[in-house]
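So the chains spell out like this:
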Amino acid sequence: MQSLEGRHALVTGGATGIGLAITKSLRSAGARVTIASRNIERVKAVAAELDGVTGVQLDVTDAADISAVFEQAVPVDILVNNAGIAHAAAFEKTSLEQWSNIMAVNLTGVFLCTQAVLASMRERNEGRIINIASTAGLKGAPYISAYAASKHGLIGMTQSLALEFATTGITANCVCPGFTDTQMVDDAVTNITTTTGRSGDEALAKLVQYNPQKRLITPEEVADTVLWLCQDSSRSITGQSIVIGGGEIT
Ligand code: NAI
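Remember, it's a predicted structure, so these values are computed and weren't measured experimentally.

So, about the packing of helix α6 (residues 183-196) against helix α7 (residues 200-208). Running from N to C, α6 and α7 point in directions that differ by 120°, and their axes come no closer than 9 Å. By the angle class used here, α6 and α7 are oblique. As α6 runs across α7, the sense of the crossing is right-handed. Here α6 contributes V185, A188, V189, I192 and T193 to the contact with α7, which in turn contributes G200, A203, L204 and L207. Residue composition of the contact of α6 with α7, by class: seven nonpolar, two polar and no charged.

Have a look at this one:
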C-alpha cells in the first residue's frame, strides 16, 4: 500500500469499533489522524496511546460544534464519516424523536462535516470522502426503518456528491458493512434478548444469519477497504457503495 505520509485524516467516531480500526490503519499507513467524537475521555485515551493521533470532542449533530472543530482541523485530506447510531424498533413503535436522532447523526451529521471540509479539498484539488453506510443502505429489513432510511439517504447523498466533484481530484464513496463485531452489535444482541427473551447466543446467531458466510465482519476488514480508497490508484473509484458483507448483497 502507498504511504499516506503528509496526509491529514479526520475520522468521526474514531475512538471505538470500526472508527478505531480505521484510525489505526490510516495511522499505520503514515497519515496524521484526528479523531472527532462525543466521548472526550475515550477520545483522549485513544489519542494518548497512538503517536500521531490527536483527539477532539465533537457532536456531529451540533452545527456550531462542527464549525469550530473543522476551522481548527482543516486542511483535511481524508474525511471518514463513521460516527453513527442504530436503533431497532417496529415501524409503528418508532417515535419521531428516535427517527430524528438517527437522521441527525447518520445523515445530517455527514452532510455538515462534509460541507466543512470541501473548501479545503477543492483548494488543493484533492480529497477522499469516505462514508460508513451499511448493507442497510442498500436493502430494508424489519425493525430498522429509521436506520435503513438514514443509510439509504447517505448513499444517495454520496452518489450525488461524487458526480458534482467528478472533474476534481475529490472522490466520495460509501463503505457498506454487514453486521460487524463492535459495541453496536453487542447493543443489538442486548436489545433482542430484552424484547424477545432469546438468549444472547440465539440473538447473535440471528444477526450472523444475515451474512452468507455465517460470521460477523471484523472492524479491520472495513478499515482495509477505507485504506484502499485512500490510495492515489483509487482515484477512479467514486460514487460507489462497496459492500463488505460476505455475500449479503449480490
Ligand atoms: P460504535 O458504537 O462503536 O461506534 C459509533 C461511534 O460513533 C462511537 O464512537 C460514538 O461515540 C460515535 N458517535 C455517535 N454519535 C455521535 C455524535 N452525535 N457525534 C459524534 N460521534 C458520535 O459502532 P460501530 O459499529 O463502530 O459503528 C461505526 C459506523 O459503522 C456507524 O456509522 C454504523 O452505522 C456503521 N455500521 C456498523 C455496523 C455494525 O454491525 N457494527 C454495520 C454497518 C454499518
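So much for the structure itself; the text now carries on.
As assigned here, the protein chain comprises domain 1 (8-178 + 218-241) and domain 2 (179-216). Computed from C-alpha coordinates alone, the two centres of domain 1 and domain 2 are separated by 24 Å. On the domain 2 side, the residues contacting the 16 residues of domain 1 number nine residues. Both sides of the domain 1 and domain 2 interface together cover about 790 Å² of buried area, and 56% of this is carbon and sulfur. Where domain 1 meets domain 2, there are one salt bridge. For E221, the salt bridge identified is with R215, shortest N-O distance 3.0 Å. Where domain 1 touches domain 2, the interface holds two residue pairs in polar contact (both at pLDDT 80 or more). For the side of domain 1 that touches domain 2, the secondary-structure elements that each account for two or more residues are α1 (17-28) and α8 (219-229).

Among the nonpolar cores identified, the biggest contains 33 residues, and I22 and L26 are the most heavily contacted of them. Dropping the residues within four chain positions of it, L26 is found in contact with L4, A9, V11, A31, V33, I78, V80, L227 and C230.

Now for empty space enclosed by the protein. Taken as a whole and judged by the stated rule, the model has three cavities of 30 Å³ or more. Residue lining of the largest cavity: R7, D77, I78, E126, G127, R128 and C230, and that is the complete set. Split by residue class, the lining of the largest cavity holds two nonpolar, one polar and four charged.

Let us now look at the layout of surface pockets. Of the volumes computed, that of the second largest pocket is approximately 190 Å³. Broken down by secondary-structure element, the contributors of at least two residues to the lining of the second largest pocket are α4 (96-124) and α5 (145-164). Broken down by element, the lining of the second largest pocket gets its largest block of residues, five residues, from α4. Looking at the lining of the second largest pocket, its residues break down into five nonpolar, three polar and two charged.

Glancing now at the confidence of the model for the protein chain. Close reading of the predicted structure is inappropriate where its pLDDT is low. Put simply, the protein chain has an average pLDDT of 98, and 100% of its residues get 70 or more. Averaged over each element, pLDDT in the protein chain is lowest for α6 (96) and highest for strand β6 (residues 170-177) (99).

Turning our attention to the pairing of strand β2 (residues 32-37). The buried fraction of β2 is high, at five of six residues. The pairing of strand β1 (residues 8-12) with β2 spans five bridges and is classified as parallel. Bridge pairing links V11 to I35 in β2. What joins β1 to β2 is α1, and the crossover it makes is right-handed. Pairing geometry for β2 and strand β3 (residues 53-57), over five bridges, is parallel. Following the sheet pairing, I35 is matched in β3 by G55. Taking the sense of rotation as the criterion, the β-α-β connection linking β2, helix α2 (residues 40-49) and β3 turns out right-handed.

Criteria and cut-off values
Residues numbered from 1 in each chain as written. Predicted model: local features only at pLDDT ≥ 70, side-chain atom pairs only at ≥ 80, totals over all residues. Heavy atoms only, no water. Axes fitted to C-alpha atoms, helices over the stretch in contact; angles between N-to-C directions. Helix = DSSP H or I, 4+ residues; strand = E, 2+ residues; numbered from the N terminus. Parallel < 35°, antiparallel > 145°, perpendicular 65-115°, else oblique. Left-handed = near helix turned anticlockwise from the far one by under 90°. Contact = heavy atoms within 4.5 Å. Nonpolar A, V, L, I, M, F, W, Y, C, P; charged D, E, K, R; others polar. Domains from an automatic or database assignment. Buried area = accessible area lost by both parts, 1.4 Å probe. Salt bridge = Lys/Arg side-chain N within 4 Å of Asp/Glu carboxyl O. Polar contact = N/O pair within 3.5 Å; in protein donor to acceptor, adjacent residues only side chain to side chain. Core = buried A, V, L, I, M, F, W, Y, C linked by side-chain atoms within 4.5 Å. Buried < 20%, exposed > 50% of the residue type's maximum accessible area, 1.4 Å probe, protein only. 1 Å grid on protein atoms, 1.4 Å probe; cavity = no way out; pocket = protein on both sides within 12 Å on 5 of 7 lines; lining within 4 Å. Points joined across faces, edges and corners; volume = space filled by probe spheres on them. pLDDT = per-residue confidence, 0-100. Pairing = 2+ DSSP bridges. Right-handed = clockwise from strand over helix to strand, strands pointing away.

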